[in-house]
Each structure stands twice: as structure tokens, then as C-alpha cells.
Amino acid sequence: MTSYDVTRRELLAGTAVTGLALAGVNLMPDFAAAAAQDEVPAPAPLDLVLRVNGTEQRLSLDPRTTLLDALREHLHLTGSKKGCGLGQCGACTVLMDGKRVKSCLSLAALVERREITTIEGLAQGEELHPLQAAFIERDGFQCGYCTSGQIMAGIACINEGHAGSPEEIREWMSGNICRCGAYEGIVAAIQDAARVTGAVQGG
Ligand code: FES
Ligand code: FES
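Residues numbered from 1 in each chain as written. Chains lettered and ligands numbered in written order. Predicted model: local features only at pLDDT ≥ 70, side-chain atom pairs only at ≥ 80, totals over all residues. Heavy atoms only, no water.

A. Inspection of the pattern of salt bridges at higher detail. Under the definition given, this model contains ten salt bridges. R195 is the partner of D192 in a salt bridge, and the nearest nitrogen-oxygen pair spans 3.2 Å. Placement of the pair is D192 and R195 together in helix 7 (residues 183–197), with a separation of three residues, close to one helical turn. We classify D192 as buried; its relative accessible area is 17%. Taking relative accessible area as the criterion, R195 reaches 58% and is therefore assigned exposed. Each of R51, E56, R58, R113 and E115 takes part in one network of salt bridges that share partners. (Salt bridge = Lys/Arg side-chain N within 4 Å of Asp/Glu carboxyl O. Helix = DSSP H or I, 4+ residues; strand = E, 2+ residues; numbered from the N terminus. Buried < 20%, exposed > 50% of the residue type's maximum accessible area, 1.4 Å probe, protein only.)

Below you can see the structure in the form of C-alpha cells.
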């Protein structure tokens, strides 16, 4: 038997299934039954306390809830954005105990009582955080979707001492993607904020 035969055989088998479906034969009940057998009941909600922007928040969550969903869906802090949901774009970046984390990859249940800072926790009343002001000054955004993540990561970048040059900033901000390509303004804003404040503190 040649590989060509196998390919033909597979093709014909596939065609037969398609033909049955086209003839109105319902193939789904078997799939549905199999799926039902595999269905796992949802786990019981978990009571937990998140410390967000200096305030304790009591929540009852599915233990599988990510920190990002807890912030956006349960605490209505929608400044942190969901881009990829896979840890690849940085739109969901927040600070945890002053360090940057991608909140789509963190389970809320595992960060209980850690100090979480989101973009909503940066300004002091009417006064913007120095890096927020620098983003406006330097046009560090276009659509703005990535901006909260860029700013949170930028604060961490400065505090880590990785804002010494445009090249260094680009390298240490490489986990934050901007689809609008506003990188020039982002780098300039981080440089400005680092120069002005020495070390910019989050929260
Ligand atoms: Fe978290 Fe993209 S949404 S890294
Ligand atoms: Fe649009 Fe960055 S400003 S994705």
C-alpha cells in the first residue's frame, strides 16, 4: 500500500462522513454524549481577600479565576486589558509587591494579600503619576489599548534600574507589545520619567 492509497482512503472516509451529514444524518448525539461524560462539575467558590490599590477586597471566586478576570470582571477595574490572555502581549501587566506581573497568567487565589497595583491606583487625586504625565507629553500611545500595561511595566523597568538608555529600555520592555507601533514615544516617556524622578514608585 502506498501513502497515496492511505491518503485516498482517508479522504474517502472523510467524504463519507461529510455525505452523511449532508444527507441529514445527525452525527452530534454521540459527540454530545461523549462530552457529557467528560464534563467536570465547577469547583466550589473560594472566599479570598485581594489587596488592590491599597484596599482589601473580599471576593468569592471560582478558584480558576485569573487575577486579570478578578480585576476586570469582579472589581470592575478595567484599565488592565486582556489582549492575548497567554502572557505574550503585556496588556494585562500590573505590579505585585512592586514587581511587574502579567495578570492573565496569575491565579487570583494564589496572590491573596499580595499588594496589587493597577493603573487605577497610580494617580494621586488629580495629579497623574510622573510616567502617566510623560506618556501624554511624549505621545506614547495611539489607540491606548496597550498603554496601561506599558505604564505599569515602565514603572517596574525604571525601578529595576533598566532605563539607562533607549536600547536598554527597548530590551526590558520587550514583553509589552504595541500594535500601533508607538514605541518611540513609549521609550521617550520612560526616559523622561526616569530622569525626573530617579526611581518612580508605583502605587
Ligand atoms: Fe496578558 Fe496578553 S493579556 S500577556
Ligand atoms: Fe495602540 Fe499600543 S497604542 S496598541
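What follows picks up the thread again.
B. Focus on the sheet that holds strand 4 (residues 99–102). Spatial ordering of the open sheet is given by 2-1-5-3-4, a layout of five strands whose pairing is mixed. Each edge of the sheet is formed by a strand with only one pairing partner; in this case those strands are strand 2 (55–61) and strand 4. On average, each strand axis in the sheet is inclined to that of its neighbour by 40 degrees, with strand direction left out of account. Each of strand 3 (93–96), strand 4 and strand 5 (115–117) touches helix 5 (residues 147–159); the most contacted strand, strand 3, lies at about 40 degrees to it. (Pairing = 2+ DSSP bridges. Axes fitted to C-alpha atoms, helices over the stretch in contact; angles between N-to-C directions. Contact = heavy atoms within 4.5 Å.)

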